[in-house]
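So you can see what is in the structure, the chains are spelled out below.
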Amino acid sequence: MIDLKDQIDLKKLPRHVAVIMDGNGRWAAIHGKERVFGHQNGVTSVRETAEAAAELGIEFLTLYAFSTENWNRPPDEVEALMSLLVNTIHSEMDTLYKNNIRLNAIGDLDSLKPGTKAELLNAIEQTKDHERMVMTLALSYSSRWEITNAMRKIAEKVQNGNLKAEEITDQTIANQLATATMPDPELLIRTSGEFRLSNYLLWQIAYSELYFTSTLWPDFRRKDFYKALIDFQKRERRFGKTSDQIKAGLARP
Ligand code: FPP
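My aim in this report is to walk through the structure given alongside it, one point at a time.

Calculation criteria
- Residues numbered from 1 in each chain as written.
- Predicted model: local features only at pLDDT ≥ 70, side-chain atom pairs only at ≥ 80, totals over all residues.
- Heavy atoms only, no water.
- Near = heavy atom within 4 Å.
- Polar contact = N/O pair within 3.5 Å; in protein donor to acceptor, adjacent residues only side chain to side chain.
- Helix = DSSP H or I, 4+ residues; strand = E, 2+ residues; numbered from the N terminus.
- Axes fitted to C-alpha atoms, helices over the stretch in contact; angles between N-to-C directions.
- Parallel < 35°, antiparallel > 145°, perpendicular 65-115°, else oblique.
- Left-handed = near helix turned anticlockwise from the far one by under 90°.
- Contact = heavy atoms within 4.5 Å.
- Nonpolar A, V, L, I, M, F, W, Y, C, P; charged D, E, K, R; others polar.
- Buried < 20%, exposed > 50% of the residue type's maximum accessible area, 1.4 Å probe, protein only.
- Salt bridge = Lys/Arg side-chain N within 4 Å of Asp/Glu carboxyl O.

Attention shifts here to the site of the ligand. What surrounds the ligand is a group of 18 residues, the closest being Asp22, Gly25, Arg26, Arg35 and Arg73. Contact distances for the ligand include 3.0 Å between an oxygen atom and a backbone N or O atom of Gly25. At a separation of 2.7 Å, an oxygen atom of the ligand approaches a polar backbone atom of Arg26. Every element with two or more residues in the shell around the ligand is listed here: helix H1 (24–30), helix H2 (35–56) and helix H3 (75–91). The biggest single contributor to the shell around the ligand is H2, with four residues.

Put into structure tokens, the structure is as follows:
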């Protein structure tokens, strides 16, 4: 049987893959453990996915680690997730160095505890020269938060006379998003069999291919990531055009 990795066409890789890591709580329940056990085991999946993506040559990997809505979880789970974040940043620094991965974060980082934010910013600073892949953690992130912020910044420019309303294009808006320096994700993966977008990168995924798998995040391994890429590469991305136009080479919008 051909290795899954060998089935991937390296010339047709997405530049940016976004992931909704879901199913940690259910995985823990299946194993008769507390929810935090699922989150802890999700770290192995983060490492495997990041290494697999970097080795293949994917430039951007964006992981939904904590949503704005996740603040409403029981306080001990929120606390455990934040500690896990700080501990993981420490324990995985080697992985980031070994794989030349730059750490990045998007979201309302001011809502993190000052110590957590400082650890995160420190890791981002330490890896800022790594060039192989940018791994972005979406933390205290939601699309509506991000788009609202972007609108405020644009409104200020208009109010100050630095921008005319009629000059606003979709690029004006994209430039004010937390992802301004990244291409839009071509592929969005969600684990655990849920078919939702959960307020994640809603502007950016306008043309993304969506891949859903029933695998729970703590079980997600390299082979699962490869399967998602193989599936992605079988699809015809049309950007609103016809199949004939795409075949004639009129690819992007
Ligand atoms: C969703 O599963 C997962 C999260 C809210 C947290 C994701 C965090 C990790 C994978 C931990 C490690 C990550 C980093 C970057 C340190 P869920 O709890 O909603 O699962 P459920 O739907 O089964 O309850």
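Attention now goes to the packing of H3 against helix H5 (residues 114–126). Relative to each other, H3 and H5 sit at 25°, their axes nearing to 10 Å. Overall, the two elements H3 and H5 adopt an arrangement that is roughly parallel. Read as a crossing pair, H3 and H5 show a hand that is left-handed. Along its contact with H3, which presents Met82, Leu85, Val86, Ile89 and His90, the element H5 presents Thr116, Glu119, Leu120 and Ala123. Residue classes in the contact of H3 with H5 are distributed as six nonpolar, two polar and one charged.

This part covers the side chain of Thr191. Among the secondary structure elements, Thr191 is positioned in the loop between strand E5 (187–190) and strand E6 (209–212). With relative accessibility at 0%, the residue Thr191 sits in the buried group. A polar contact of 2.7 Å, which involves the side chain of Thr191, links it to the backbone oxygen of Asp22. Not counting the four nearest positions on each side in its chain, Thr191 is found in contact with Ile20, Met21, Asp22, Thr213, Thr215, Trp217 and Phe220.

So, on to the side chain of Thr172. Looking at where Thr172 falls in the secondary structure, it is placed in helix H7 (residues 170–175). A polar atom in the side chain of Thr172 sits 2.8 Å from the backbone nitrogen of Thr169.

Structurally, the position occupied by Asn100 is in the loop between helix H4 (93–98) and strand E3 (101–106). Residues Asn100 and Glu79, spaced 21 residues apart in sequence, show a C-alpha to C-alpha distance of 30 Å. Beyond its immediate chain neighbours, meaning those up to four positions away, Asn100 contacts His130, Glu131, Arg132 and Met133.

It is worth spelling out the pattern of salt bridges at this point. Under the counting rule described, the total for this entry stands at 18 salt bridges. The salt bridge partner of Glu55 is Lys5, with a shortest N-O separation of 4.0 Å. One end of the pair, Glu55, is in helix H2; the other, Lys5, is in the segment before strand E1 (16–20), and 50 residues separate them in sequence. Taking the shortest distance from any N to any O, the salt bridge between Asp224 and Lys223 comes out at 3.3 Å. For Asp224, a relative accessible area of 6% puts it in the buried group. The exposure class of Lys223 is partly exposed, given its relative accessible area of 42%.

Positive phi, close to 60°, is recorded for Asn100, a residue that is not glycine. Positive phi, normally seen in glycine, also occurs at Ser140, with a value near 50°. Here Ser140 shows up in strand E4 (residues 133–141).

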